[in-house]
Amino acid sequence: MQKPSIPKGTRDFSPEETAKRNYIFDTIKEVYRLYGFRQIETPAMENLSTLMGKYGEEGDKLLFKILNSGHFLGDMSVEDVHEGNSAKTANKISEKGLRYDLTVPFARYVVMHRNDITFPFKRYQIQPVWRADRPQKGRYREFFQCDADIVGSDSLLNEVELIQIIDRVFSQFGIRVSVKLNNRKILSGIAEIIGEADKITDITVAIDKLDKIETEKVNEELASKGISQKAIEKLQPILLLSGTTREKLAKLKEVLASSTIGLKGVEELEYIFDKADLLSLENELTLDLTLARGLNYYTGAIIEVKALDVEIGSITGGGRYDNLTGIFGLPGVSGVGISFGADRIYDVLNQLNLFPKDFVHTTDLLFVNFGETEAAYLLPLMQQLRSGGIRCELYPDAAKMKKQMSYADSNHIPFVAIVGENEIKEGKITLKNMETGEQKAVTLQEIINEINN
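Presented here is an overview of the structure given in this document.

Reading the values: the criteria
Residues numbered from 1 in each chain as written. Predicted model: local features only at pLDDT ≥ 70, side-chain atom pairs only at ≥ 80, totals over all residues. Heavy atoms only, no water. Helix = DSSP H or I, 4+ residues; strand = E, 2+ residues; numbered from the N terminus. Rg over C-alpha atoms; globule rule 2.2 N^0.38 Å. Contact = heavy atoms within 4.5 Å. Areas by Shrake-Rupley, 256 points an atom, 1.4 Å probe, with all protein chains shown as cover. Lys, Arg positive; Asp, Glu negative; His and termini not counted. Charge placed at Lys NZ, Arg CZ, Asp CG, Glu CD. Buried < 20%, exposed > 50% of the residue type's maximum accessible area, 1.4 Å probe, protein only. Pairing = 2+ DSSP bridges. Core = buried A, V, L, I, M, F, W, Y, C linked by side-chain atoms within 4.5 Å. Phe/Tyr/Trp six-rings, centres within 6.5 Å; stacked < 30°, edge-to-face > 60°. Lys NZ or Arg CZ within 6 Å of the ring centre and 35° of its normal. Polar contact = N/O pair within 3.5 Å; in protein donor to acceptor, adjacent residues only side chain to side chain. Salt bridge = Lys/Arg side-chain N within 4 Å of Asp/Glu carboxyl O.

Moving on to the overall build of the protein chain. A tally of regular secondary structure across the protein chain gives 18 helices and 16 strands. Here the protein chain has a C-alpha radius of gyration of 29 Å; the compact-globule value for 453 residues is 22 Å, and the former is much larger. Considered along the principal axes of its C-alpha atoms, the protein chain spans approximately 95 × 65 × 45 Å. Counted over contacts in the protein chain with a minimum sequence separation of 6, partners at least 24 positions apart contribute 69%. A total of about 23900 Å² of accessible surface is found on the protein chain, and carbon and sulfur atoms cover 49% of it. Placing the 56 positive and 66 negative side-chain charges of the protein chain at their respective mean positions leaves the two points 2 Å apart.

Structural data, given as structure tokens:
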């Protein structure tokens, strides 16, 4: 008989792992709500017409397509079948696909419900997404995204608020992070003043390597991309920028003096840093010109978060985009958003041993089962305890005491209650603390007090 298995790039989560993941999701949700964000959910599958063409050619290849139900080959001709995996063939046998991210479904949601939404619209969404990627360490075909976006407002106060959310979430987790900021307009301005506006991607990819290789090597890479020597010379003061964030912004103003878009980017960042100075943020906020994530869709601020005590990639990112809903025929809706990387945050919390100690146990108290008479006596008692907020269970069988105790141990249950003939006579419960081994006779109310404390 074939052993059961799960698809590559997917995972089962044990009760302990699920408790840890819920701790992450609940913490993030709680902070989102604290800032007035409201939750939405969208279906796991979308029409392929909604998804196709939104993620570039590579993204389209990574979409999981769903076969039409019923006779899916009904509309196919012999020629279609022989054509194999062409896009045309795929469209005939599949009209739906699993969502690839939460952003495109959100854009569709905003357009479909625009008459019911009050703008600015602050939404958060925590749901799984699917990508037909090649599975490797840390890369899965099914994973959760934890997004928050504010659409329908150009105000930079939104960026400031998202930085506060990031700061608060990581403070609650106890993870020390560096929040890095850049602005797409500054990158455009840099490409413009050195006369290579169309090479913005090559320039930022090269600049991004500054922390790994010397300036000289970066210059060689720029030259290999066809960027002129003159342009490379003009770029040097930017590559060698040093000092505090304020000093860097002042120098950028001088260097970008002839670029309107570049100066606009500097002005936007100054505003964000000014407002952040009014807040007592617990984590460092820095300007990082090498930051170029999401270049093809971010139009303003770019945000990236790195953990300081663990070697791992970015654990949160986001930015400002100008035309979220244009792809669905509703132009001019600007937005800004962030996404927490739950899987990477999980790894960081695990490595640094930062998960709270008490989140694993789901039951506070286990009642030992001595037989039918005692069980009948305990059922109403347990009902009262549950009304008092105590999570309790009765071992279902009158098994050996050792077996029942080891069940409590394996499930991290901190207290065991023993109620035999004597206890029933005296109206007491013997409560055993599984950590200290201490036992004492208590009343029902004393149990509620003890466990709640």
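Attention shifts here to the pairing of strand S7 (residues 177-183). With respect to burial, S7 is a largely interior element, six of its seven residues being buried. In the sheet, S7 pairs with strand S9 (residues 301-307) via seven bridges, with the strands oriented antiparallel. When the sheet's bridge partners are listed, leucine 181 is paired in S9 with isoleucine 303. Relative to strand S8 (residues 284-287), S7 is paired through four bridges, and the arrangement is parallel. Across the sheet, valine 179 pairs through a bridge with leucine 285, a residue of S8.

Our next topic: the environment of tyrosine 23. Secondary-structure assignment places tyrosine 23 in helix H1 (residues 15-34). In the structure, tyrosine 23 is positioned 257 residues away from serine 280 in sequence and 25 Å away in space, judged by C-alpha atoms. Excluding its chain neighbours within four sequence positions, the residues that come into contact with tyrosine 23 are Gln172, Phe173, Leu349, Phe355 and Pro356.

Here we take up the nonpolar core. Formed by 89 residues in total, the largest nonpolar core has its most connected members in Ile165, Phe170, Phe173 and Phe340. When residues in this core are grouped by element, the largest group, eight residues, is from helix H7 (residues 157-173). Apart from residues lying up to four places away in sequence, phenylalanine 170 is in contact with Ile175, Val177, Asn283, Val305, Ile315, Thr316, Phe340 and Ile345. Core analysis: the second largest hydrophobic core is formed by 20 residues, Leu385, Ile429, Leu431 and Ile451 among them.

Under the defined criterion, the tally for this structure stands at 13 aromatic pairs. Of the aromatic side chains, those joined through ring pairs into one cluster are Tyr23, Tyr32, Phe37, Tyr124, Phe170, Phe173, Phe340, Tyr346 and Phe355. Taking the ring centre of phenylalanine 106 as reference, the NZ or CZ of arginine 123 above it sits at 4.0 Å. A cation over an aromatic ring shows up here: arginine 131 above the ring of tyrosine 100, its NZ or CZ 4.0 Å from the ring centre.

Okay, the environment of tyrosine 124 next. Here tyrosine 124 shows up in strand S5 (residues 121-130). For tyrosine 124, a relative accessible area of 1% gives the class buried. Considering only alpha carbons, one finds tyrosine 124 and glycine 337, 213 residues apart in sequence, at a separation of 9.4 Å. Once residues lying within four places of it in the same chain are set aside, the contact partners of tyrosine 124 are Lys29, Tyr32, Arg33, Phe37, Arg38, Gln39, Ile40, Asp147 and Ala148. In this structure the side chain of tyrosine 124 is engaged in a polar contact, spanning 3.1 Å, whose partner is the side chain of arginine 33.

This paragraph deals with the sheet that holds strand S6 (residues 142-151). Within a beta sheet, neighbouring strands are joined by backbone hydrogen bonds and run either parallel or antiparallel to one another. Strand order in the open sheet formed by eight strands is S1-S5-S6-S11-S10-S9-S7-S8, and the pairing between neighbours is mixed. Edge positions in the sheet fall to strand S1 (38-39) and S8, since each of these pairs with one other strand and no more. As judged from the six bridges shared by strand S10 (residues 316-321) and strand S11 (residues 335-340), these two strands associate in the antiparallel manner. Residue arginine 320 lies in a different strand from S11, and its bridge partner there is valine 336.

In this fold, aspartate 60 is placed in helix H3 (residues 56-61). For the buried residue aspartate 60, which engages in no salt bridge, the nearest side chain bearing the opposite charge is lysine 65, 7.2 Å off. Discounting residues that sit within four places of it in the chain, aspartate 60 has contacts with Leu51, Met52, Gly53, Lys54 and Lys65.

We now examine the sheet that holds strand S2 (residues 45-47). Across the sheet, which stays open at both edges, the three strands sit in the order S2-S4-S3 with antiparallel pairing between neighbours. Each edge of the open sheet is held by one strand with a lone partner, namely S2 and strand S3 (65-66). Alignment of S2 against strand S4 (residues 96-98), held across three bridges, turns out to be antiparallel. In the sheet register, asparagine 47 faces S4, and the bridge partner there is lysine 96.

Quick look at the side chain of asparagine 182 now. The topology assignment puts asparagine 182 in strand S7. Of note is the side chain of asparagine 182, whose polar atom sits 3.4 Å from the backbone oxygen of aspartate 288. Setting aside residues no more than four positions away along its own chain, asparagine 182 makes contact with Leu187, Leu269, Leu287, Asp288, Leu289, Thr290, Leu291, Gly300, Ala301 and Ile302.

Turning to the pattern of salt bridges, a few remarks are in order. With the rule as written, the count across this model stands at 17 salt bridges. Among the salt bridges present, the one from arginine 11 reaches aspartate 343, with a minimum N-O distance of 3.0 Å. Within this pair, whereas arginine 11 is found in the segment before H1, its partner aspartate 343 is found in helix H14 (residues 342-351), the two being separated by 332 residues in sequence. Ionic pairing is found between arginine 123 and aspartate 149, a salt bridge with its closest N-O pair at 2.8 Å. Of the two residues, arginine 123 sits in strand S5 while aspartate 149 sits in strand S6, which places them 26 residues apart along the sequence. For arginine 123, a relative accessible area of 0% puts it in the buried group.

This next bit is on unusual backbone geometry. With omega at -5°, the peptide bond leading from phenylalanine 119 into proline 120 counts as cis. Summarising the element assignment, proline 120 is placed in the loop between helix H6 (103-112) and S5. The phi dihedral of histidine 412 is positive, around 55°, even though this residue is not glycine. Of note, histidine 412 is situated in the loop between helix H16 (401-410) and strand S14 (415-418). On the accessibility criterion, histidine 412 (44% relative accessible area) is partly exposed.

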